[in-house]
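Per-entry structural report
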Amino acid sequence: MWPLPVGPPETERSMMGTPHHLRSGSSDSRAAAFLRGSERPLAAAYDVALLDLDGVCFAGDARVPYAAEGANGARELGMHLVFVTNNASRAPQAVVDKLADNDIVASPGEVFSAAMDAAALLHEHLPDGAPVFVIGGDGLRQALTDEGFAVVASAEDAPAAVVQGWDPAVDWAMMSEGLYAIANGALHVATNLDATLPTERGFALGNGSLVAAVANASGRKPLAGGKPFPGIYQRALRRAGGARPLAIGDRLNTDHVGARAADIPGLHVLTGVSTARDVLLATPEERPTFLHTDLRGLLQPHPEPRRTTSDGDSWWQVGDERWRVTAAGAEGQGVGFLDTASAAVSLDAYRALACAFWDYADAHGGRADDLNVPELHVGSQENNV
Ligand SMILES: [Mg+2]
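The protein chain is annotated in an unreviewed UniProt entry as Haloacid Dehalogenase Superfamily Class (Subfamily) IIA of Actinomyces ruminicola.

So, on to the pairing of strand β17 (residues 313-318). Here 5 bridges tie strand β16 (residues 306-310) to β17, and the two strands are oriented antiparallel to one another. Opposite R306, over in β17, you have Q317 as the bridge partner. Taking the residues between adjacent antiparallel strands as the criterion, β16 and β17 are bridged by 2 residues, where D311 takes a positive phi near 55 degrees. Taken together, the 3 bridges between β17 and strand β18 (residues 321-326) define a ladder with antiparallel strand orientation. If you follow W316 over to β18, its bridge partner there is W323.

It is worth spelling out the pairing of strand β8 (residues 161-164) at this point. Covered by surrounding structure in β8 are A161 and V163 together with V162 and Q164, the residues of both alternating faces. Bridge analysis of strand β6 (residues 131-135) against β8 gives 4 bridges, and the strand direction is parallel. If you follow V134 over to β8, its bridge partner there is V163. By the bridge criterion, 4 bridges tie β8 to strand β9 (residues 187-190) in an arrangement that is parallel. Residue pairing for β9: A161 is matched across the bridge by L187. Each parallel crossover has a hand, and for β8 linked through helix α8 (residues 172-183) to β9 it is right-handed.

Ranked by size, the top nonpolar core spans 121 residues in total, and within it A49, L50, L51, L353 and F357 carry the most contacts. Per-element tally for this core: the top contributor is helix α13 (residues 347-363), with 12 residues. Among all residues touching L353, those that are not within four sequence positions of it are L280, W323, A330 and V345.

When its domains are assigned, the protein chain resolves into domain 1 (30-86 + 229-298), domain 2 (115-224) and domain 3 (306-378). On a C-alpha basis, the centroid separation for the pair domain 1 and domain 3 is 23 Å. Here the side of domain 1 that touches domain 3 is composed, by residue class, of 9 nonpolar, 4 polar and 3 charged.

It is worth spelling out unusual backbone geometry at this point. With the exception of glycine, most residues fall at negative phi, and the peptide bonds are largely trans. In this model, K227 is joined to P228 through a cis peptide bond whose omega is 10 degrees. The phi dihedral of D103 is positive, around 65 degrees, even though this residue is not glycine. With respect to the secondary-structure elements, D103 resides in the loop between α5 (92-101) and β5 (111-113). Residue D103 is classed as exposed on the basis of its 12 C-beta neighbours within 10 Å. One non-glycine residue, A158, adopts positive backbone phi at about 55 degrees. Mapped onto the fold, A158 is located in the loop between β7 (150-152) and β8.

Pairs of packed helices are described in terms of their axes, by the angle between the two and the distance that separates them. Between α8 and helix α9 (residues 207-218), the least distance of the axes is 10 Å, while the angle of their chain directions is 40 degrees. Viewed along their axes, α8 and α9 adopt a mutual orientation that is oblique. Crossing geometry of α8 relative to α9 is assigned as right-handed. Residues M175, G178, L179, I182 and A183 of α8 lie in contact with α9, whose contacting residues are L210, A213, V214, A217 and S218. Of the residues in the contact of α8 with α9, the class split is 8 nonpolar, 2 polar and no charged.

Cut-offs used in this document
- Residues numbered from 1 in each chain as written.
- Predicted model: local features only at pLDDT ≥ 70, side-chain atom pairs only at ≥ 80, totals over all residues.
- Pairing = 2+ DSSP bridges.
- Helix = DSSP H or I, 4+ residues; strand = E, 2+ residues; numbered from the N terminus.
- Buried ≥ 20, exposed ≤ 12 C-beta atoms within 10 Å, placed from the backbone.
- Right-handed = clockwise from strand over helix to strand, strands pointing away.
- Core = buried A, V, L, I, M, F, W, Y, C linked by C-beta atoms within 7 Å.
- Contact = placed C-beta atoms within 7 Å.
- Domains from an automatic or database assignment.
- Nonpolar A, V, L, I, M, F, W, Y, C, P; charged D, E, K, R; others polar.
- Axes fitted to C-alpha atoms, helices over the stretch in contact; angles between N-to-C directions.
- Parallel < 35°, antiparallel > 145°, perpendicular 65-115°, else oblique.
- Left-handed = near helix turned anticlockwise from the far one by under 90°.

Here it is as structure tokens:
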């Protein structure tokens with residue numbers, strides 16, 4: 001059985017190199033994996049937002065609080081927006097329509113999907129006009145045509161590559177046709193390797209699982225785009241232009257792993273999958289650079305976290321909040337220990353707690369889960385609790 005991939009394929013990894021902050025012995029590895037401050041609103045300090053969609057701009061069919069206010073407000077502050085998604089089946093106009101339903105202004109040229117990422121990745125290996133076979137839907141065919149490839153209908157047409165992306169139309173016949181082409185020497189490229197696809201009924205088969213079926217039969221490891229690989233951010237940025245990118249996402253193990261690996265600062269929001277507790281427990285590779293509850297985080301300055309010492313004790317201070325984590329647990333100055341299963345805290349307390357938990361974990365073999373790590377209900381700056 002071909003194992004489900006957990007890291008970048010070899011080709012991608014060797015192309016990108018190891019990010020400096022992930023190299024062992026790097027002197028700035030601690031500094032690189034902590035929160036930063038910004039005196040100006042993030043939308044003024046950074047010129048391009050690489051925005052995740054689901055869990056950030058909307059949540060399935062539901063609206064996300066303050067998403068339109070944050071995204072449209074960032075644009076008004078001069079930030080260029082790019083919507084970066086692992087979804088390979090939705091064409092750019094469909095994304096724009098979905099954003100419009102959520103009162104977020106966007107144009108098709110601002111969408112960068114995993115389908116477009118796979119097409120751009122393929123261009124690093126094949127010349128213009130090369131024939132490609134698609135295991136996927138119209139969104140992926142369109143992305144490949146737009147990138148200058150000739151989409152062919154059969155393995156008999158001798159495609160130079162087989163590009164695979166999730167679509168409800170993908171079936172046994174289409175996957176087997178792709179397999180014939182790969183057996184004849186075609187390159188296998190996946191839009192992304194998400195093992196599962198969240199649905200209303202639970203987790204369904206994602207593209208990575210269907211890619212694994214083809215690779216299991218071919219015995220060949222595919223190239224892959226999409227998050228958590230850093231390439232999707234780098235290729236989206238190359239297309240959009242801009243010098244100071246900021247990645248915004250709700251999932252630590254995709255959005256923020258990709259951002260860290262691409263050396264792009266990340267803003268985490270609490271409107272999607274990863275919770276504040278997940279953030280406190282994040283590994284260095286997953287850690288965001290800025291924290292907020294929602295996209296209003298783009299419109300505000302972020303106070304710089306500082307390590308302060310009083311009476312010989314070390315605390316993490318953000319704004320007026322001072323917190324530390326020791327073997328005795330998480331403790332707020334003037335507040336006491338957080339010893340309950342859940343707690344309501346202010347945004348600055350959440351930020352100070354994240355620094356304190358990360359500091360503790362880094363000093364204790366990467367683990368803080370021997371401590372009580374509460375679920376946090378984080379209040380916004382407007383209504384601290
Ligand atoms: Mg998301």
